[in-house]
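# Chain and residue survey
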Amino acid sequence: PTYSASWNIAKETLSDSSWLFGTGPGTYVMDYAKYRQDSVNLTTLWDARFDRSTSHIFTMLPTFGVLGTLLFLIAMFWVGSSAISQLLKTKNQEEWKMTYLAFSGWLVLAVSFFVYSWNFTLVFLFFLLSAIIIAQSPTPIKVWDFAKSPRLSLATAFMFVLSSVGLLTILFVSLSRYGADIAFAKAISNDQAGQPIDEVIDDLNTAVRLNRWNDVYYRNLANAQLIKLGNISVDPAVKAADVQALVSGSINSARRSVELSPEQVVNWSLLGDIYRNVAPIVTTADDFAITSYQKAVELAPNNPKYYVALGRAYLAQADLQGVLMKSEDLATASQAKAKSDGALGSAVVNLQKAVEL
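This is a predicted model, so every value here is computed, not measured. (Residues numbered from 1 in each chain as written. Predicted model: local features only at pLDDT ≥ 70, side-chain atom pairs only at ≥ 80, totals over all residues. Heavy atoms only, no water.)

## Some words on the side chain of Thr 63
- With respect to the helices and strands, the residue Thr 63 is situated in helix 3 (residues 56-89).
- With relative accessibility at 2%, the residue Thr 63 sits in the buried group.
- Every residue in contact with Thr 63, bar those within four places of it in the chain, is listed here: Phe 21, Gly 22, Thr 23, Gly 24, Pro 25, Thr 27, Tyr 28 and Asp 31. (Helix = DSSP H or I, 4+ residues; strand = E, 2+ residues; numbered from the N terminus. Buried < 20%, exposed > 50% of the residue type's maximum accessible area, 1.4 Å probe, protein only. Contact = heavy atoms within 4.5 Å.)

Structure below.
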């Protein structure tokens, strides 16, 4: 995104959410979808989902808020002034060289904070060089004698045990999540290699089992189950129980992705796709599809794709009502006719909005 677009997204996000704390770390992709300008629709990037801004400060401002950004700038100023102070006062040649080398790299990163988009590597390097600079600063040494302070000794031992337990817990969780990533990567490889959809679903189920807090896994699992549902639906020998299991599994997986990340527009869009596809065999699924797409439109109001999806959902609802319009019961037929006409009207409105965008 351009600087002006990035600033506009940051400004709109802070005015619509908490200006003090922002929308939270890692949520820029959601902020971009909701507040991007509709002029992007005239470019080839109209459906691109940017997860960061043109510069890191414009990424941090809407996600961390004014308070988080201000604290980061204060910390940056403190580290920079500490490095300059060391360079001016340090007489030891070796210490001066170490500070100079760390500060040179740190200064480049500090400038890039305002003009360049950081990734995880640059963030890590910035904090690493900051730590080296602070470690070079002269600090007074404090000494504690445990023999003279039994309470301090006991507290230190307790904190050591507590830290060890915490470290082991974090290690276990990290290994579990790493295993989930491996299974997810395997699912992607199998899908790209054209392997049977069952193998892809097995790998995604493994990823979900190892990490139940990642909406990406559930979203892809729901999509894979929907693909399998489409594959077996043309088989005349398929059992109704198998179809029902896939329908339930796909809907539940998509719902779980929405629960984990309700502000992620692609989760709502996929949930709408699933409901729309199963509407002929699941009662009121057409209404749920419309509701899901309406939420997607709310989260990405300038993306025409979701208006098209909502329009198609209304068309699908009109088709379903067309069957009821042939009913011999006049009341049922009349009610279906009214609902069909309303759905067609709503479809036209949303498709026209998509054309305008």
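## Structural notes on the environment of Ser 176
- Mapped onto the fold, Ser 176 is located in helix 6 (residues 150-192).
- Spatially, the C-alpha atoms of Ser 176 and Asn 211 are 6.8 Å apart, while their sequence positions differ by 35 residues.
- A polar side-chain atom of Ser 176 sits 2.6 Å from the main-chain carbonyl oxygen of Leu 210. (Polar contact = N/O pair within 3.5 Å; in protein donor to acceptor, adjacent residues only side chain to side chain.)

## Some points on the packing of aromatic side chains
- Tallied over the full model, the rule gives 15 aromatic pairs.
- Ring geometry for Phe 72 against Phe 113: centres 5.1 Å apart, planes inclined by 25°, an arrangement best described as stacked. Here the residue Phe 72 occupies a position in helix 3, and Phe 113 occupies one in helix 4 (residues 93-115), the gap between them amounting to 41 residues. With respect to burial, Phe 72 and Phe 113 carry one shared label: buried.
- An aromatic cluster is built from Phe 72, Phe 103, Trp 106, Phe 113, Phe 114, Trp 118, Phe 126 and Phe 127, whose rings are joined through pairwise contacts. (Phe/Tyr/Trp six-rings, centres within 6.5 Å; stacked < 30°, edge-to-face > 60°.)

## Description of the side chain of Asp 31
- You can see Asp 31 is positioned in helix 2 (residues 28-35).
- No salt bridge is formed by the buried Asp 31; the nearest opposite charge belongs to Lys 34, separated by 7.7 Å.
- In this structure the side chain of Asp 31 is engaged in a polar contact, spanning 2.9 Å, whose partner is the side chain of Thr 23.
- Apart from residues no more than four positions distant in its own chain, Asp 31 is found in contact with Ile 9, Thr 13, Thr 23, Arg 36, Pro 62 and Thr 63. (Lys, Arg positive; Asp, Glu negative; His and termini not counted. Salt bridge = Lys/Arg side-chain N within 4 Å of Asp/Glu carboxyl O.)

## Describing a nonpolar patch on the surface
- Taken together, the side chains of Tyr 3, Leu 107, Val 111, Phe 114, Val 115 and Tyr 116 present a nonpolar region at the surface, about 580 Å² in accessible area.
- At four residues, the largest contribution of residues to the nonpolar patch is made by helix 4.
- The exposure class of Phe 114 is partly exposed, given its relative accessible area of 39%. (Patch = residues over 30% accessible without salt bridge, like charges linked within 9 Å, V, L, I, M, F, W, Y side chains within 5 Å. Areas by Shrake-Rupley, 256 points an atom, 1.4 Å probe, with all protein chains shown as cover.)

## Overview of helix 3
- Relative to the 50 Å expected for 34 residues at 1.5 Å per residue, helix 3 spans just 32 Å between its end C-alpha atoms, considerably shorter than the ideal helical length.
- By the largest-angle criterion, Gly 65 marks the main kink of helix 3, which is about 125°. (Expected span 1.5 Å × (residues − 1). Bend = angle between axes of the 7 residues up to and from the residue.)

## Here's the deal with the nonpolar core
- Judged by nonpolar contacts, the single largest core of 39 residues is most densely connected at Leu 229, Val 265, Ile 274 and Tyr 306.
- Of all the elements in the fold, those that place two or more residues in this core are helix 8 (215-232), helix 9 (240-260), helix 10 (265-278), helix 11 (285-299), helix 12 (304-324) and helix 13 (330-356).
- A total of eight residues in this core trace back to one element, the largest contributor, which is helix 10.
- Aside from chain neighbours lying at most four places away, what touches Ile 274 is Ala 222, Leu 226, Ser 250, Ile 251 and Ala 254.
- One finds Met 60, Met 76, Leu 129 and Ile 133 within the second-largest nonpolar core, a separate group that totals 19 residues. (Core = buried A, V, L, I, M, F, W, Y, C linked by side-chain atoms within 4.5 Å.)

## Considerations on unusual backbone geometry
- Here the phi dihedral of Thr 284 falls at roughly 65°; this positive angle occurs in a residue that is not glycine.
- Residue position: Thr 284 is located in the loop between helix 10 and helix 11.
- On the basis of relative accessible area, Thr 284 is assigned to the partly exposed category, the value being 38%.

## Here we look at the packing of helix 8 against helix 9
- Remark: helix 8 packs on helix 9, axes separated minimally by 8 Å, with the N-to-C direction vectors making an angle of 155°. The angle between helix 8 and helix 9 falls in the class roughly antiparallel. Seen along the crossing, helix 8 lies across helix 9 with a hand that is left-handed. Here helix 8 contributes Asp 215, Tyr 218, Arg 219, Leu 221, Ala 222, Gln 225, Leu 226, Lys 228, Leu 229 and Ile 232 to the contact with helix 9, which in turn contributes Val 243, Leu 246, Val 247, Gly 249, Ser 250, Ser 253, Ala 254, Arg 256, Ser 257 and Leu 260. (Axes fitted to C-alpha atoms, helices over the stretch in contact; angles between N-to-C directions. Parallel < 35°, antiparallel > 145°, perpendicular 65-115°, else oblique. Left-handed = near helix turned anticlockwise from the far one by under 90°.)

## Some thoughts on the packing of helix 3 against helix 4
- For the pair helix 3 and helix 4, the least separation of the axes is 11 Å and the interaxial angle reads 155°. Viewed along their axes, helix 3 and helix 4 adopt a mutual orientation that is roughly antiparallel. The element helix 3 and its partner helix 4 pack so that their crossing is left-handed. For the pair helix 3 and helix 4, the contacting residues are His 56, Ile 57, Met 60, Phe 72, Leu 73, Met 76, Val 79, Gly 80, Ala 83, Ile 84, Gln 86 and Leu 87 in the first and Trp 96, Thr 99, Tyr 100, Phe 103, Trp 106, Ala 110, Phe 113 and Phe 114 in the second.
- Here the residues of the contact of helix 3 with helix 4 sort into 16 nonpolar, four polar and no charged. (Nonpolar A, V, L, I, M, F, W, Y, C, P; charged D, E, K, R; others polar.)

## Concerning the pattern of salt bridges
- Overall, the coordinates contain nine salt bridges when judged by the stated rule.
- Put simply, Asp 47 and Lys 305 hold a salt bridge, and the shortest N to O gap is 2.9 Å. Within this pair, whereas Asp 47 is found in the loop between helix 2 and helix 3, its partner Lys 305 is found in helix 12, the two being separated by 258 residues in sequence.
- Assessed through its relative accessible area of 27%, Asp 47 is described here as partly exposed.
- For Lys 305, a relative accessible area of 34% corresponds to the partly exposed category.
- With a closest N to O distance of 3.8 Å, Lys 339 and Asp 287 form a salt bridge.

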